[in-house]
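This is what each chain is made of:
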Amino acid sequence: MPTPTLDSIDRDRLRQIQQSILAVAERPFEQAIALPATAYTDPDFYNWEVEHIFKQQWLCVGHISQIPRPGDYMNFDLFNEPMTVVRGQDGNVNVLSRVCVHRAMDMMPAEYGHPPEGNRRSFLCPYHHWSYGLDGQLLGAPHMQQNEGFNAKEICLHRFRTEIWEGFIFITFNPSLEPVSHHYAGLLPHVERWNLAEMEMVANLRWECDFNWKLLVENFMEPYHHMGAHHKTFEPLMPAAGTWTEAETLNYGVCHLPLANHLVEQIKSGQSIETFYPPHTLKPEDHYEYAVYLGNPDFLLFIGPDQVYWYFLIPQAPGKMTLHTTLLVTPESKQLDDYEQKLKQTIEGLQRFHLEDMEVCTAMQRGLNSDFYSPGP
Ligand code: FES
Ligand SMILES: [Fe+2]
């Protein structure tokens, strides 16, 4: 019998993980169990997810309110690609590679003090001073005209395929993927009353997470843990027992978190319990619940009548990810007399409940490395 190579062993293991995931997915709902631990820990499976899930789908990388003026930019690295999201002179949003076309330098390395966000008229590569416009087009390259065949017009930073949906900026590595508006068409009726494109991001907290991205997504979409991890924060407001999930669809999922009965009664009697001004276009019943939405694969929205949370996931390794938890409110809310105070309290609340999720997700990842865990019901 031939000795298996390392490569073939890895492939076998990957296939085995995929088969056990499929076996879990095929079980009837009443007999559902968790995914195998290797789905959260195996480096080969993580790399497979990057190529076959993340790089094939729409990925949300920001909200238009983060870059309101021409020249506003923000940098991040996604799957080893240094990127910048920038508002062009024409007002359009461009998502560009920060990799200089000349010798591949990341033009704004954060570790050398380049601010990860700000405003600029153009991009200048520090190495040989090639400069690029806000649309990525080469503007100048010192002395390169001496190089035969050099044509500045043909040189441009890589532009990622970008579309805006309800004010959120999406990119994809897949040139033939359907437009994001088709992809999330079913999600629109749920969220359009919030006029998300008009809202403004007023908080953006960064977290370094020692857990797999799916733990966060699963945690986000199951309010059963309100009675455990959030028994002091969410459970009294949105009791786990009243929550319910809509039938699953291919591109998105919806879970409703009705407010506790006494709060709904309070609202119905005309007392507002909201912190910020809600959009005018909400239906009366929109005030009686929060909801969480998952856009396949990792677009996470947590929406209440007067506040919207968007989570930006940046997976880095099987057990590692950077996360931004952000808060959006209506622009009118900024006119509230005690706006600053309300914002501060809301951000403290976000920190408090997200720390509860950080604790459980980090501790679950440790448990998933145990030899003695097998997927529970
Ligand atoms: S590497 Fe950017 S100008 Fe040379
Ligand atoms: Fe949670």
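Residue positions are given per chain, counted from 1 along the sequence in the order it is written. Labels follow written order: the first chain is A, the first ligand is 1, and so on. Only residues with pLDDT of 70 or above have their local features reported here, since the model is predicted, and side-chain atom pairs are shown and tallied only from 80 upward, although totals for entire chains, interfaces and linings are computed over all residues.

> So what about the sheet that holds strand β4 (residues 93-97)? Which residues, and what values?
Strands are treated as partners if at least two bridges between them are detected by DSSP. Runs of H or I in DSSP of at least four residues are treated as helices and runs of E of at least two as strands, each being numbered from the N terminus. If you walk across this open sheet you meet the four strands as β4-β3-β2-β5, and the pairing is antiparallel. Each of the sheet's edge strands pairs with one partner strand only, and the pair in question is β4 and β5 (117-119). When the angles between neighbouring strand axes are averaged without regard to direction, this sheet yields 25 degrees. Pairing analysis gives five bridges linking strand β3 (residues 81-87) to β4, with the strands arranged antiparallel. If you follow V86 over to β4, its bridge partner there is N94. Here an axis means a line fitted to C-alpha atoms, over the contact stretch when the element is a helix, while the angle between two N-to-C directions is reported on a 0 to 180 degree scale.

> Account for the nonpolar core, with residues named and values stated.
To define a nonpolar core, we join buried Ala, Val, Leu, Ile, Met, Phe, Trp, Tyr and Cys residues through C-beta atoms within 7 Å and take the resulting set. Any residue whose C-beta has 12 or fewer other C-beta atoms within 10 Å is treated as exposed, any with 20 or more as buried, and any in between as partly exposed, C-beta atoms being built from the backbone. F170, L216 and V308 are the most contacted members of the largest nonpolar core, which has 77 residues in total. For this core, the element with the highest residue contribution is strand β16 (residues 308-317), accounting for six residues.

> Which residues make up the domain arrangement of the chain, and what values do they have?
Where the parts come together, the accessible area they lose is often given as the size of the interface. Along its sequence, the chain is carved into domain 1 (6-55), domain 2 (66-162) and domain 3 (184-368). One C-alpha centre belongs to domain 1, the other to domain 2; they are set 37 Å apart. Where each domain starts and ends comes from a domain assignment, either automatic or drawn from a database.

> Outline the environment of W48, listing residues and values.
Positionally, W48 belongs in helix α3 (residues 43-52). Overall, W48 belongs to the partly exposed group, with 14 C-beta atoms counted inside 10 Å. Expressed as a C-alpha distance, the spacing of W48 and L14, which sit 34 residues apart in the sequence, is 8.5 Å.

> So, the pairing of strand β9 (residues 161-165): which residues are in play, and what are the values?
Bridge analysis of β9 against strand β10 (residues 168-172) gives five bridges, and the strand direction is antiparallel. Its bridge partner lying in β10, E163 is registered against F170. Here β9 folds back onto β10 in antiparallel fashion, the turn holding two residues, of which E166 has a positive phi close to 50 degrees.

> How would you sum up the sheet that holds strand β8 (residues 138-140)? Please name residues and give values.
What holds strands together in a sheet is hydrogen bonding between their backbones, with the strands either parallel or antiparallel. Pairing within the open sheet is antiparallel, and its three strands lie in the order β6-β7-β8. Every other strand in the sheet has two partners, leaving β6 (123-124) and β8 as the edge strands with one partner each. As paired strands, strand β7 (residues 131-132) and β8 are joined by two bridges and run antiparallel to one another. Pairing of Y132 across the sheet is with L138, part of β8.

> Run through the packing of helix α6 (residues 213-221) against helix α8 (residues 339-368), naming residues and quoting values.
Between α6 and α8, whose axes approach to 10 Å, the crossing angle comes to 135 degrees. With respect to α8, the element α6 is oriented oblique. Every pair of crossing elements has a handedness; the one defined by α6 and α8 is right-handed. Each of L215, L216 and N219 in α6 lies in contact with α8, whose residues at this interface are D357, V360, C361, M364 and Q365. Residue polarity is assigned by list, with Asp, Glu, Lys and Arg as charged and Ala, Val, Leu, Ile, Met, Phe, Trp, Tyr, Cys and Pro as nonpolar; anything else, Gly included, falls into the polar class. The residue inventory of the contact of α6 with α8, partitioned by class, reads five nonpolar, two polar and one charged. Roughly parallel here means an angle under 35 degrees, roughly antiparallel means over 145, roughly perpendicular means 65 to 115, and every remaining angle is called oblique. Note on convention: the crossing is left-handed when the near helix lies turned anticlockwise from the far helix by less than a right angle, right-handed when the turn is clockwise. Here, residues touch in the contact sense if the C-beta positions derived from the backbone fall within 7 Å of one another.

> Would you mind going over the environment of M199 in detail, with residue names and values included?
Counting through the fold element by element, M199 comes out in the loop between α5 (188-191) and β11 (200-209). On the neighbour-count criterion, M199 (23 C-beta atoms within 10 Å) is buried. Linking M199 and E285, residues 86 residues apart in sequence, is a C-alpha distance of 20 Å.

> Would you mind going over α8 in detail, with residue names and values included?
Every α-helix winds through 3.6 residues per turn, so residues three or four apart in the chain are directed the same way. One less than the number of residues in a helix, times 1.5 Å, gives the span that helix is expected to have. The terminal C-alpha atoms of α8 lie 43 Å apart, and with 30 residues this matches the ideal 44 Å at 1.5 Å per residue to within 8%. Within α8, burial applies to E356, D357, M358, C361, Q365 and L368. In this fold, the buried residues of α8 make contact with α2 (38-41), β11 and α6.

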